[in-house]
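# Report on the structure
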Amino acid sequence: WRLLLRWMSKSFRAKHESLYASERECFQYDTDLCCKQDHSGALLAAIDNVIGHSKLMHIADVGAGTGKLARMLTSRASTIALIDRSPEALAVARASCASLGGTLSFHEADIRALPLADGAVDLVVVGWAISYLKSEHEEWYADGTSGGPWRQHVDTALLELDRVLAVGGTLVIFETQGTAVTTPQRAGSWLYAHFRQAGLKERTLRTDYRFPSKRFALDTLLFFFGKGVARRAATLLAHVAEEGEVCVVPECTGMWWRQKRSIAAVRRATHHSDLSKTKAVFKTLIAQKWVCRLLMVASSLWALRHAL
């Protein structure tokens, strides 16, 4: 409880930084929260749907944290590179992935400078990491507005993620749309709008948590997310007994993805788009020309009728 009270006195960013600076707290985060998330397997099903094949892939899990996504993707991978800035989180990931098959490697690095060669992987997954990059470079002003160079840092990260992808490879990003809610809560996010402007497709998933009891659920959500999420969960679980009954807490997760195209494909698409626009202009001009002719004929007929 002393640890809980210490956490509650911190800002969310400070809590996050504290969590990833302690291997013990990373382990608790992984076992108490990550392993309870997405009990129905929606994340993997969504990735499979986007990939569209069952071939083994070279995968990079960027912002890997304690290895949740890497563990999930082991059966789809010939190699997985787990990349994170936190050595403490990577230590937990290494331990949690020790019994898994496949070739795994662990790298302490920033999302904007990945230790991978150009075109090295077929799939890049980034789970709940870019929002923290944004928060690090976002500035809040006295009038309540915000700014700062976060867009430039996010664009640098997106370019770096694209660099390590092979042509035809896929980038998949996951970010929260709200915990202890049944509908997405962050549709107006500037970051998510930035993803859309960058050409990423979008969908929303349900990644509900399955906890062994109501008391465990509320204590865990309060510890990691704070009072607001815990209060919403308590309302949703009002009908559940405190102990002895498994409970589910809903969560919405946003998924953004795009496939890397070759330069030639981009040029063809651009040419096709330009050609389509040109054709549309010509059609408009031709239509306008015929309208002018019809107006001239009508005007002539009207003049002739009055002359007679």
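Here, the structure is the one placed above.
The structure reproduced in this document is the subject of the present report. (Residues numbered from 1 in each chain as written. Predicted model: local features only at pLDDT ≥ 70, side-chain atom pairs only at ≥ 80, totals over all residues. Heavy atoms only, no water.)

### Let's talk about the sheet that holds strand β7 (residues 165-179)
The strand order across the open sheet formed by seven strands is β3-β2-β1-β4-β7-β11-β8, and the pairing between neighbours is mixed. Each edge of the sheet is formed by a strand with only one pairing partner; in this case those strands are β3 (103-108) and β8 (201-206). Across this sheet, the average inter-strand angle for adjacent strands is 20 degrees, counted without regard to direction. Here β7 pairs with strand β11 (residues 251-259) via eight bridges, running antiparallel. If you follow Ile 173 over to β11, its bridge partner there is Trp 256. Contacting β2 (77-84) and β3, helix α6 (residues 87-96) crosses the sheet at an angle of about 170 degrees to β3. On the sheet, helix α9 (residues 190-197) packs against β7, β8 and β11 and is oriented at approximately 155 degrees with respect to β7. (Pairing = 2+ DSSP bridges. Helix = DSSP H or I, 4+ residues; strand = E, 2+ residues; numbered from the N terminus. Axes fitted to C-alpha atoms, helices over the stretch in contact; angles between N-to-C directions. Contact = heavy atoms within 4.5 Å.)

### Section: unusual backbone geometry
The residue Trp 128 is not glycine, and still its phi comes out positive at about 55 degrees. Position of Trp 128 relative to the elements: it lies in the loop between β4 (121-127) and α7 (130-136). We note that Ala 180 has phi near 65 degrees; this positive angle belongs to a residue other than glycine. Locating Ala 180 in the fold gives a position in the loop between β7 and α9. With relative accessibility at 4%, the residue Ala 180 sits in the buried group. (Buried < 20%, exposed > 50% of the residue type's maximum accessible area, 1.4 Å probe, protein only.)

These results come straight from atomic positions and should not be treated as a statement about function.
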